[in-house]
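Structural features, examined
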Amino acid sequence: MKKLPIAVSSFEVMRSTDYLYVDKTHMLEALTSQGRYFFLSRPRRFGKSLLLDTMHQLFEGKRELFRGLHIEPNWDWSVCYPVIRLDFGSGTLKSPEELKEKIGEMLRHNVNRLQIRTTAQTSSGVLAELIEGSVKQYGQKAVVLIDEYDKPILDNIENDPVAQAMRDGLKNLYSVLKTQDAHLRFVFMTGVSKFSKVSLFSGLNQLEDISLDERFATICGYTHHDLQTLFADHLAGVDWAKLKQWYNGYNFLGEPVYNPYDILLFISKGHSYRNYWFETGSPSFLMKLFKQQQYFLPELSDIEVGEEILDNFDVEHIDPVTLLYQSGYLTIKETRRRMNDQLFFVLTVPNQEVQQALNTHLAGGYAQHGSPTRASLQFKLFDALNEGDIAGLEQHIKALFAGIPWRNYTYNELADSEGFYASVLYAFFASLNASIRAEDISNHGQTDLTIELGDFVYVMEIKRDTSPDYVAGEVNPALEQIQQRGYSAKYVGQGKTVFEVGMVFNTHQRNLVQFSSKQA
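Everything in this summary refers to the structure shown in the same document. Within every chain, residues take consecutive numbers counted from 1 along the sequence as written. Whole-chain, interface and lining totals are the exception, using all residues; otherwise, since this is a predicted model, local features are given only for residues with pLDDT of at least 70 and side-chain atom pairs are given and counted only at 80 or more. As a convention, hydrogens and water are excluded, and side-chain values are obtained from all of the structure's heavy atoms.

Focus on the sheet that holds strand 4 (residues 184-191)
Formally: We call two strands paired when DSSP finds no fewer than two bridges between them. Helix and strand assignments come from DSSP, with helices taken as H or I runs of at least 4 residues and strands as E runs of at least 2, each series counted from the N terminus. For this analysis, residues touch if any pair of their heavy atoms sits within 4.5 Å. Axis angles are defined between N-to-C directions and span 0 to 180 degrees, where every axis is a line fitted to C-alpha atoms and, for a helix, only to the segment in contact.
Strand order across the open sheet formed by five strands is 2-3-4-1-5, with parallel pairing between neighbours. The open sheet has two edge strands, strand 2 (83-87) and strand 5 (208-209), and neither has a second partner. Pairing of strand 1 (residues 37-41) with strand 5, which is carried by two bridges, proceeds in the parallel orientation. Within the sheet, the bridge partner assigned to F39 lies in strand 5 and is D209. With respect to the sheet, helix 3 (residues 48-59) is in contact with strand 1, strand 2, strand 3 (142-147) and strand 4, its orientation differing from that of strand 4 by roughly 165°.

Description of the nonpolar core
The cut-off we apply is this: What is meant by a nonpolar core is a set of buried Ala, Val, Leu, Ile, Met, Phe, Trp, Tyr and Cys residues, joined one to another through side-chain atoms within 4.5 Å. Think of it in three bands: residues with accessible area under 20% of the maximum for their type are buried, residues over 50% are exposed, and the middle band is partly exposed, with areas taken using a 1.4 Å probe on protein chains only.
By size, the foremost hydrophobic cluster in this structure holds 115 residues, and its most contacted members are F188, I397 and F429. Tallying contributions element by element places helix 20 (residues 418-430) first for this core, with 10 residues. If near-sequence neighbours (up to four positions away) are discounted, F188 is found in contact with L31, F38, L40, L51, L52, M55, V144, L145, I146 and I210. In terms of nonpolar packing, the next biggest core, distinct from the first, is built from 36 residues, L86, M106, V126 and L130 among them.

Section: the packing of aromatic side chains
Note the following rule: Note on aromatic pairs: the rings of Phe, Tyr and Trp (six-membered ring only in Trp) are paired at centre separations within 6.5 Å, and the planes decide the class, stacked below 30 degrees, edge-to-face beyond 60, tilted for the rest. Counting as a charge over the ring demands two things of the Lys NZ or Arg CZ atom: a distance within 6 Å of the ring centre and an angle within 35 degrees of the ring normal.
Enumeration over the complete set of coordinates arrives at 28 aromatic pairs. Between Y250 and W277 the ring centres are 6.3 Å apart and the planes differ by 75°, which places this aromatic pair in the edge-to-face class. Taken together, the residues Y250 in the loop between helix 11 (240-247) and helix 12 (260-268) and W277 in helix 13 (residues 276-279) connect sequence positions 27 residues apart. As far as burial versus exposure is concerned, Y250 and W277 are alike and both buried. Clustering of aromatic rings is evident, with ring pairs tying together F11, Y21, F38, F59, F66, W75, W77, Y81, F186 and F188. Seen from the ring of W277, R44 lies directly overhead, with NZ or CZ sitting 4.3 Å from the centre.

Structural notes on the pairing of strand 7 (residues 331-338)
One face of the sheet, then the other: side chains in a regular strand alternate in exactly this way. Note that strand 7 and strand 8 (residues 342-348) share seven bridges and pair antiparallel. Within strand 8, the position partnered with T335 by the bridge is F345. Counting the residues between successive antiparallel strands, the hairpin from strand 7 to strand 8 contains three residues, one of them, M339, with a positive phi of roughly 40°.

A word on the packing of helix 2 (residues 25-34) against helix 3
We apply this condition: Crossings are sorted by hand: turned counterclockwise from the far helix by less than a right angle, the near helix makes the crossing left-handed, and turned clockwise it makes it right-handed. When residues are sorted by character, Ala, Val, Leu, Ile, Met, Phe, Trp, Tyr, Cys and Pro go into the nonpolar class, Asp, Glu, Lys and Arg into the charged class, and all the rest, Gly among them, into the polar class.
At a closest axis distance of 12 Å, the pairing of helix 2 and helix 3 adopts a crossing angle of 65°. Between helix 2 and helix 3 lies a crossing of right-handed hand. Counting all contacts with helix 2, which are made through L28, L31 and T32, the residues of helix 3 involved are L51, T54, M55, L58 and F59. Taken together, the residues that form the contact of helix 2 with helix 3 break down as six nonpolar, two polar and no charged.

Considerations on the sheet that holds strand 7
Across the sheet, three strands lie side by side as 6-8-7; this open sheet has antiparallel pairing. Single-partner strands in this sheet number two, and they are strand 6 (303-306) and strand 7. Ignoring which end each strand starts from, the neighbouring axes of this sheet average 30° apart.

What about the side chain of K24?
Using the following cut-off: Charge counting treats Lys and Arg as positive and Asp and Glu as negative, with His and both chain ends excluded. Every case where a carboxyl oxygen of Asp or Glu lies within 4 Å of a side-chain nitrogen of Lys or Arg is listed as a salt bridge. Whenever two N or O atoms come within 3.5 Å, that pair is a polar contact, provided that in protein one can donate a hydrogen and the other can accept it, and provided that, for residues adjacent in sequence, both atoms are side-chain atoms.
Here K24 is to be found in the loop between helix 1 (11-16) and helix 2. Comment: no salt bridge for buried K24; closest opposite-charge side chain is D226, at 4.3 Å. There is a polar contact of 2.6 Å between the side chain of K24 and the backbone oxygen of T218. Those residues in contact with K24, other than ones at most four positions away along the chain, are T218, I219, C220, G221 and D226.

Focus on helix 12
Most of helix 12 sits out of view: eight of its nine residues are buried. Taken together, the buried positions of helix 12 are occupied by P260, Y261, D262, I263, L264, L265, F266 and I267. Taking the backbone nitrogen of Y261 as reference, a side-chain oxygen 2.8 Å away marks N259 as the first, capping residue of helix 12. Note on helix 12: the residue one or two positions beyond its end, G270, has a positive phi of about 70°.

Now the structure itself:
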């Protein structure tokens, strides 16, 4: 069997050694023949660096590396182009000074490799001289490949002034590409996020975004067909439905793909289902954004958004949904046409790995429990829900909120609404891999949460009380609303035990003060 290309981003290494390679060169042929300036957004660990290195070797005319691939008989190997490569993927830059130093290092590397003489004192000036000098020396227009163009910004997304300074520094560098148009054969940029052209690519209007182009939907990632053919020996005996449920589901308006990192680690670890991709970088910056913007977590379920939400964002105006999508925590579930044929997207979490890991992370972030305490609460809540243990459910929900630090309630507008309590419960229930429906709609309105696990369905309504000394009355207003409006009716008679659960939370006691349930 061919070797697994774990952590291999060099096309030359992959092709000159016995590594397994999925041929994407038919898409490179289409790209290089139809245009000159392209941008591709994909989540981290999706093979963007390997894609750029493939382009690098292709434009340098290294035919021996492409033997047997689609593009070999379809490329003019008599022409070699000078390639300028900038890669922001390694390391973390925390100041404009570090960014300037990094850019200088990369430019010097290209100057030495291409043997071009430069005299400019600024990074933008050196890049301009590098492009012009390459054209003169090699007699062909230059190719510019930029990997992880946005990483210096994203690494500082929690610090607005630094993020803005990083953006301005990069904008100054990238502006050179517009002025050098006559000397450029091909430009390709990759990143996680798409910043607006106004903020980062001012003047570079010819940059074509192929991130949601059906023709290039599988340019990064593995398709199911790839796994069943090229990886057949490595995946012998695998439960295909389970593998798909765990790791497939990334949709870029074409055939869904698997994250390569997940599949390679899954195989190397003996077909063990784990959170391989998620563990490489948990979204702590997203958790901070959610809290700052008082984001209501149940709204993550089947979000409908317009094209402009996914298309771009700027440092000063970051929508958590945009960042969740562009970072790979949400993907496109379906497309819809509304209002004068405008395109809308329904977003969802791509697969079980991301669903479980993201909700566990969000549960910890919202509740601020330590990992051992959180895990213990998750196990207890799971057992209570799975066994229909109503008394245990009440006890564990109280323990959950009792452990939340007081600072989570202070200066937090969301904590002053029912949304805070619903968000905490949603995150914990969703981390149990239960079927959960937020603001579940019936003929008479909508209940806050509906949880389905095992043989049980729990229809839940939440009320918030602000009185200094709450005394539970005979009637639970939350349960009364469920019963009066018939929220649970649509689940009765489907072979599962249905519980109506009414909960009242008090803002002074910061906990559950009344819990009532009834079997429907």
